[in-house]
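Spelled out, the chains give:
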Amino acid sequence: MPFISAFAVNAQCVFVSITGPRCASDGNLVATFSRSPFIVEWKFGNTVAQKQTASWTNYAIPVVSGTYNSAPTTNRITGSAGVWVDNAGEIYVSDTVNQRIVAFSKAFPDGRTIAGGNGNGNGNNQLSRPAGLCMDAFGNLFVVDGNNNRVLRFAPGSTVGFPIAGGNGNGSAANQLSNPRDVWVDANGFVYVADAGNHRIQKWAQGATSGQTIAGGFQGSDSASLNSPQGVFVDQQFNVYVADSGNHRIQKYTPNNFYGKTVAGGNGKGAYAVQLDKPVDVWVDAVGEIYVLDAGNSRVQKWTANSLYVT
């Protein structure tokens, strides 16, 4: 097999040399590459064995669902603040500006509206700037209905939501939310809401008329406070992870502990590997690796469990 080496001369040009046989019967050959036109020349000693013009194919990162467009067709997404992928690979996207949730799958590659899409409003078949999404083990879809300060639950196949949390106006009472941003449902069916405007995480039992503050409730940067939390995740041990956006960190709360531990960031706002800038979501895999959507730095950071340094 030929040995290929390459080195960058500048951001637009790479010189390549190839040494080795083209085929099993060949001896050792050397190939050189030149630009304009793109020519590859194979030499055996001083003899040109083959000369050919190279062709190039450009590849882009594929768009798996939707593109930006102001026209509200199902294959056009305008400003998404939430995404979920179910066990069958169907992708659910909060189409925030168009007040709806769109699902993409092999059967519906151009998308289908499964919630909202009936104008900006507060009816149970309407949404107003939807944000975070989550699905439980039974296929119920939970949607943060941002401007209505509530969370709606949509049963499989239903386009009418059922209020699960909030929906009693913008406020800080136990039955209210203020600018909710994300939602998570644990294995026991409890609903966790990143209640950004109140700097807290609220836990709701489904069917309850009010929620319980399990983290934050005070704007600040100490271990008992949060600052505009944007994302929430709960693992199988019921540890709660919070994207504490205003403090540029990820906080972990063990069960029944009101004091959080910083597990990512917390070293000030910045772009270094040990820093975050306005994180908006967090996910933890089965081995404890922490993935952070670091919005201010336009990147996704992976943090090793029990380490304050990114890998």
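What you see as residue numbers is a count from 1 along each chain, following the sequence as written. Residues qualify for local features only when their pLDDT is at least 70, as the model is predicted, and side-chain atom pairs are given and counted only at 80 or more; totals for whole chains, interfaces and linings, by contrast, use all residues. Values reported for side chains reflect all heavy atoms of the structure, with hydrogen atoms and water molecules removed beforehand.

Quick word on the overall build of the protein
Consideration 1: What the protein contains, in helices and strands, is 0 helices and 24 strands.
Consideration 2: Note on contacts: a residue pair qualifies if any of its non-hydrogen atoms lie within 4.5 Å across the two residues. Once local pairs closer than 6 in sequence are excluded, the contacts in the protein between residues at least 24 apart make up 35%.
Consideration 3: Areas reported as accessible are Shrake-Rupley estimates using a 1.4 Å probe. Residue values count occlusion only from the protein chains shown. Of the roughly 16200 Å² that the protein leaves accessible, carbon and sulfur atoms contribute 53%. Numbering of helices and strands starts at the N terminus; helices are DSSP runs of H or I of at least 4 residues and strands are runs of E of at least 2.

Here we look at the confidence of the model for the protein
Consideration 1: A score between 0 and 100, pLDDT records how confident the predictor is in each residue. Across the protein, the average pLDDT comes to 84, with 74% of residues at or above 70.
Consideration 2: In this model, residues 1–18 is a region of pLDDT below 50 whose contacts with residues beyond four sequence positions or in other chains number 33 contacts.

Some details on the side chain of Asp-244
Consideration 1: Following the sequence through the fold, Asp-244 ends up in strand β19 (residues 240–244).
Consideration 2: When its relative accessible area of 0% is taken as the criterion, Asp-244 is described as buried.
Consideration 3: When near neighbours in sequence (up to four residues on either side) are disregarded, Asp-244 contacts Ser-225, Leu-226, Asn-227, Pro-229, Arg-249, Gln-251 and Pro-279. In this scheme, a residue with accessible area under 20% of its type's maximum is buried, one over 50% is exposed, and one in between is partly exposed, where area comes from a 1.4 Å probe on protein chains only.

A word on the pattern of salt bridges
Consideration 1: Definition used for salt bridges: Asp or Glu carboxyl oxygen within 4 Å of a side-chain nitrogen of Lys or Arg. Summed over the entire model, instances satisfying the criterion amount to 7 salt bridges.
Consideration 2: With a closest N to O distance of 2.6 Å, Arg-100 and Asp-95 form a salt bridge. Pair check on accessibility: Arg-100 and Asp-95 agree, each one buried.
Consideration 3: When the shortest N-O distance is used, the salt bridge between Asp-195 and Arg-200 registers 2.7 Å. Arg-200 carries the same exposure label as Asp-195, and that label is buried.

Observations regarding the nonpolar core
Considering soluble globular proteins, one finds that nonpolar side chains tend to be buried as a cluster.
Consideration 1: Within the largest apolar cluster, 50 residues are counted, with the highest numbers of intra-cluster contacts made by Tyr-92, Ile-101 and Ile-201.
Consideration 2: Contacts of Tyr-92, omitting those with residues within four sequence positions, involve Gly-82, Val-83, Trp-84, Asp-86, Ile-101, Val-102, Ala-103, Ile-114, Leu-133, Met-135 and Leu-141. Residues belong to a common nonpolar core when they are buried Ala, Val, Leu, Ile, Met, Phe, Trp, Tyr or Cys residues joined through side-chain atoms within 4.5 Å.

Points about the sheet that holds strand β14 (residues 180–185)
Consideration 1: Paired strands are those between which DSSP finds at least two bridges. On the basis of which strands lie adjacent, the open sheet formed by 4 strands has the order β14-β15-β16-β17 and antiparallel pairing. What marks the edges here is a single partner per strand, and that holds for β14 and β17 (212–216). When strand polarity is set aside, the average angle formed by the axes of neighbouring strands in this sheet is 25 degrees.
Consideration 2: Note that β14 and strand β15 (residues 191–195) share 5 bridges and pair antiparallel. Looking at β15, one finds that Val-185 is bridged to Val-191. Each axis is a line fitted through C-alpha atoms, taken for helices only over the stretch in contact, and angles between the N-to-C directions span 0 to 180 degrees.

Some details on the environment of Pro-255
Consideration 1: As for its placement among the helices and strands, Pro-255 is situated in the loop between β20 (249–253) and β21 (261–265).
Consideration 2: Of the residues examined, Pro-255 reaches a relative accessible area of 43% and is grouped as partly exposed.
Consideration 3: Taking the C-alpha atoms as reference points, Pro-255 and Phe-238, separated by 17 residues in sequence, lie 6.2 Å from one another.
Consideration 4: If sequence neighbours within four positions are ignored, Pro-255 has contacts with Gln-237, Phe-238 and Asn-239.

Focus: the environment of Val-93
Consideration 1: If you trace the backbone, Val-93 turns up in strand β7 (residues 91–95).
Consideration 2: You can call Val-93 buried: its relative accessible area is 7%.
Consideration 3: Spatially, the C-alpha atoms of Val-93 and Gly-82 are 5.9 Å apart, while their sequence positions differ by 11 residues.

Comments concerning the side chain of Asn-297
Consideration 1: Tracing the backbone shows Asn-297 in the loop between β23 (290–294) and β24 (299–303).
Consideration 2: Nitrogen and oxygen atoms within 3.5 Å of one another constitute a polar contact, given that in protein one can donate a hydrogen and the other can accept it, and given that sequence-neighbouring residues count only through two side-chain atoms. A distance of 2.8 Å separates the side chain of Asn-297 from the backbone oxygen of Gly-270, its partner in a polar contact.
Consideration 3: Not counting residues within four places of it along the chain, the set of residues in contact with Asn-297 comprises Gly-270, Ala-271, Leu-276 and Asp-277.

Considering the sheet that holds strand β9 (residues 112–116)
Consideration 1: Reading across the sheet, the 4 strands line up as β6-β7-β8-β9 and stay open at both edges, with antiparallel pairing between neighbours. Taken across any chain shown, the strands that pair with only one partner, and hence form the sheet edges, are β6 (80–85) and β9. Each strand axis lies, on average, 25 degrees off the axis of its neighbour in the sheet, ignoring direction.

Observations concerning the packing of aromatic side chains
Consideration 1: Ring pairs are drawn from Phe, Tyr and Trp, using the six-membered ring of Trp, whenever the two centres fall within 6.5 Å, and their geometry is named by plane angle: stacked under 30 degrees, edge-to-face over 60, tilted for the rest. Following the criterion strictly, the structure yields 6 aromatic pairs and no others.
Consideration 2: When the centroid spacing of 4.6 Å and the interplanar angle of 50 degrees are considered together, the rings of Trp-184 and Phe-233 count as tilted. Of the two residues, Trp-184 is situated in strand β14 and Phe-233 in strand β18 (residues 229–234); the sequence distance between them amounts to 49 residues. Each of the two residues, Trp-184 as well as Phe-233, counts as buried.
Consideration 3: With a centroid separation of 6.2 Å and an interplanar angle of 65 degrees, the aromatic rings of Phe-233 and Tyr-241 are classed as edge-to-face.
Consideration 4: Take Tyr-241: its relative accessible area is 5%, and that puts it in the buried class.
Consideration 5: Through successive ring pairs, a cluster of aromatic residues spans Trp-84, Trp-184, Phe-233, Tyr-241 and Trp-283.
Consideration 6: Between the NZ or CZ atom of Lys-203 and the centre of the ring of Phe-190, over which it lies, the distance is 4.5 Å. To sit over a ring, a charge needs its Lys NZ or Arg CZ within 6 Å of the ring centre and within 35 degrees of the ring normal.

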